[in-house]
Amino acid sequence: MKVVILGAGKRGTLLARHLIQERRNVIIIESDLKRANETQNKLDCMVKSGSGTDPHFLKEAEADKADFFVALTDSDEVNLVACGIVENLRQEVTTIAAIRNLTYTGKDGLPDTILGINHIVNPEAETAKSIHKIIKRGIFSDVVTFEHSNLGLYNFAVTDDSPFANRLVRECRASIAPEFVIAAIKRGDEGIVPSGETPLLVGDTLVLVVADSEKRALFKLLGQREVKSKRIVIVGGSKIARFLLRLFEPKEHKSIVLVEKDGATCDEFAALFPNLLVIKSDIADELIFKEENFETKDLLISLTDNDELNIVTASYAKRLGVTNTMALIKNNNYIPLGENLGIDSIISISAATVDSLLKFMRGKHVSSVHSLFEGRFEIIELNISAEMEIANTPINKINMRGRGVIAGITTKSGENIIPTGDYQIRVGDTLLICAGREELDYIQKVTH
């Protein structure tokens, strides 16, 4: 697979890093010479400096020979024009563009296509979807949800008093009553695809796949608690906040408070969402927490355009007694800081966008993609159709060579299954498959 990426910003470099780990042929185009040189020093791929709207330069950068051309600059217009040029150079190239301006996408969401572009993604809309799914699942432990499966994926740290500590995977599966699968393990800087004989050590982070019907019992055993967030505070009248509020039912707005310091933005949100309580105030003024009794709320989500403010606000709210807090970040370097400050969920715009892009690039049978452990692992949601070779095949006949694991199955009828080797995959099943990023090419070949 050859992929040409226009734009070496946070989204472009993150997508490139993931694809390079998969051993894809990646070329990055960046108009800023300094940024292009910096990117070349960071990534093991070709970086060309030039204009993404110059047909001759795009051809020189082999955009017309790519399988995918992905335009991820901060300019909607550049992304649109570049994709249009590439489509004109060679129609067989699949074009993808990041489009943020509602003038192009429409206030009610994304149309199927614009100007013949094969796929468009709105970073703010994708981020809002991720936040909404987490809220609806009712837990904030790096929860991952899926399109066609009600299995959930959760991260848990192994502590000294954990029932997982210093035991083999098979021993835990046999002795812990709720059904689950350990899909991956993070041990220091190492990522592990576990087998039954893999030991679990204190300090490990486990990725557990659990059915909704089993998660309450498992969380109780692990000392976790499920929280349904009904009283919510949103900080910042951003585009993401607007998209997020549209995902809630109008009646749910009655229990949501929006805090925004700009008067015109307050008026706009009050007009768009009549049931919403809008407070004009600067969240940096600590008096607002006391005056509005925010410590009694279930959830505070900080969605301003300032990463540092979001992290400080979410951390401060947590210390005051808000049950759960979430912080939006653009710079992924802030993720460890946010986690160490006790924030329940750190939401990365670039990560949400890249997962959406990878879902489309994985093909029609993949309905969702999620990156784990800073991109070391990926879990895909694979929908089984009649033309796929693994249909009607027992799991133990699929030779994954220890490179990946089928962590869960949802049948066509909606039944959740924690799989064993004897299970025969059927048409209509949805499989959750977890693998290290370097192994994804092999895993996709054996599961097609």
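In case you missed it, the structure is sitting above this.
Residues numbered from 1 in each chain as written. Predicted model: local features only at pLDDT ≥ 70, side-chain atom pairs only at ≥ 80, totals over all residues. Heavy atoms only, no water.

### Re the overall build of the protein
Then, number 1: Along its length, the protein carries 15 helices and 23 strands.
Then, number 2: Computed over its C-alpha atoms, the radius of gyration of the protein comes to 23 Å, within 12% of the 22 Å expected for a compact globule of 448 residues.
Then, number 3: Expressed as lengths along the three principal axes of its C-alpha atoms, the size of the protein is roughly 60 × 60 × 40 Å.
Then, number 4: Burial statistics for the protein: of 448 residues in total, 54% are counted as buried.
Then, number 5: At a minimum sequence separation of 6, the contacts of the protein that also span at least 24 residues come to 62%. (Helix = DSSP H or I, 4+ residues; strand = E, 2+ residues; numbered from the N terminus. Rg over C-alpha atoms; globule rule 2.2 N^0.38 Å. Buried < 20%, exposed > 50% of the residue type's maximum accessible area, 1.4 Å probe, protein only. Contact = heavy atoms within 4.5 Å.)

### What about the environment of Arg242?
Then, number 1: Positionally, Arg242 belongs in helix H9 (residues 239-247).
Then, number 2: Residue Arg242 is classed as buried on the basis of its relative accessible area of 18%.

### A short note on the environment of Ala63
Then, number 1: Position of Ala63 among the secondary structure elements: in the loop between helix H3 (55-60) and strand S4 (68-71).
Then, number 2: Residue Ala63 is classed as buried on the basis of its relative accessible area, which comes to 0%.
Then, number 3: Not counting chain neighbours up to four residues away, the residues in contact with Ala63 comprise Val4, Leu58, Phe69, Val86 and Val93.

### Details of the sheet that holds S4
Within a sheet, adjacent strands bond to each other through the backbone by hydrogen bonds, running parallel or antiparallel.
Then, number 1: Pairing within the open sheet is parallel, and its six strands lie in the order S3-S2-S1-S4-S5-S6. Looking at which strands have only one partner, the edges of the open sheet turn out to be strand S3 (46-49) and strand S6 (119-121). Strand-to-strand twist of the sheet, defined as the mean angle between neighbouring strand axes without regard to direction, takes the value 15°.
Then, number 2: Here strand S5 (residues 94-98) runs beside S6; their pairing, made up of three bridges, is parallel. From the neighbouring strand, Ala98 faces S6, where its bridge partner is Val121. (Pairing = 2+ DSSP bridges. Axes fitted to C-alpha atoms, helices over the stretch in contact; angles between N-to-C directions.)

### Some thoughts on the packing of helix H1 (residues 10-21) against helix H14 (residues 349-362)
Then, number 1: Close contact between H1 and H14 brings their axes to 9 Å; oriented N to C, the two are set at 50°. Of the possible angle classes, the one that applies to H1 and H14 is oblique. Judged by the twist between their axes, the crossing of H1 over H14 is right-handed. Contacts between H1 and H14 involve Lys10, Arg11, Leu14, Leu15, His18 and Leu19 from the first element and Ser350, Ala351, Thr353, Val354, Leu357, Leu358 and Met361 from the second. (Parallel < 35°, antiparallel > 145°, perpendicular 65-115°, else oblique. Left-handed = near helix turned anticlockwise from the far one by under 90°.)

### Brief notes about the packing of helix H6 (residues 123-137) against H14
Then, number 1: Where H6 contacts H14, the two axes come as close as 8 Å, and the packing angle between them is 95°. As the angle between them shows, H6 and H14 are arranged roughly perpendicular. Residues Pro123, Glu126, Thr127 and Ser130 of H6 pack against Ile349, Ala352, Thr353 and Ser356 of H14.
Then, number 2: For the contact of H6 with H14, the per-class residue count stands at three nonpolar, four polar and one charged. (Nonpolar A, V, L, I, M, F, W, Y, C, P; charged D, E, K, R; others polar.)

### Some points on the packing of aromatic side chains
Then, number 1: Per the counting criterion, the structure on display carries seven aromatic pairs.
Then, number 2: Relative to Phe219, the ring of Tyr154 has its centre 5.0 Å away and its plane inclined at 85°; by these criteria the two rings are edge-to-face. Taken together, the residues span a long stretch of sequence, with Tyr154 in strand S7 (residues 151-157) and Phe219 in helix H8 (residues 212-221) at a distance of 65 residues. Phe219 shares its class with Tyr154; the two are buried.
Then, number 3: Centroid distance Phe156 to Phe219: 5.6 Å. Interplanar angle 50°. Geometry classified as tilted. Placement of Phe156 in strand S7 and of Phe219 in helix H8 is noted, with a sequence separation of 63 residues between them. Exposure class is identical for Phe156 and Phe219. Each is buried.
Then, number 4: By the ring-pair criterion, three or more aromatic residues cluster together here, those being Tyr154, Phe156 and Phe219.
Then, number 5: One cation-aromatic arrangement involves Arg173 over Phe180; the distance from NZ or CZ to the ring centre is 6.0 Å. (Phe/Tyr/Trp six-rings, centres within 6.5 Å; stacked < 30°, edge-to-face > 60°. Lys NZ or Arg CZ within 6 Å of the ring centre and 35° of its normal.)

### What about the side chain of Arg24?
Then, number 1: Position of Arg24 among the secondary structure elements: in the loop between H1 and strand S2 (25-30).
Then, number 2: The exposure class assigned to Arg24 is buried, which follows from its relative accessible area of 14%.
Then, number 3: At 3.2 Å, the side chain of Arg24 forms a polar contact with the side chain of Asp441.
Then, number 4: Those residues in contact with Arg24 that sit more than four places away from it in its chain are Met1, Leu19, Asp441 and Gln444. (Polar contact = N/O pair within 3.5 Å; in protein donor to acceptor, adjacent residues only side chain to side chain.)

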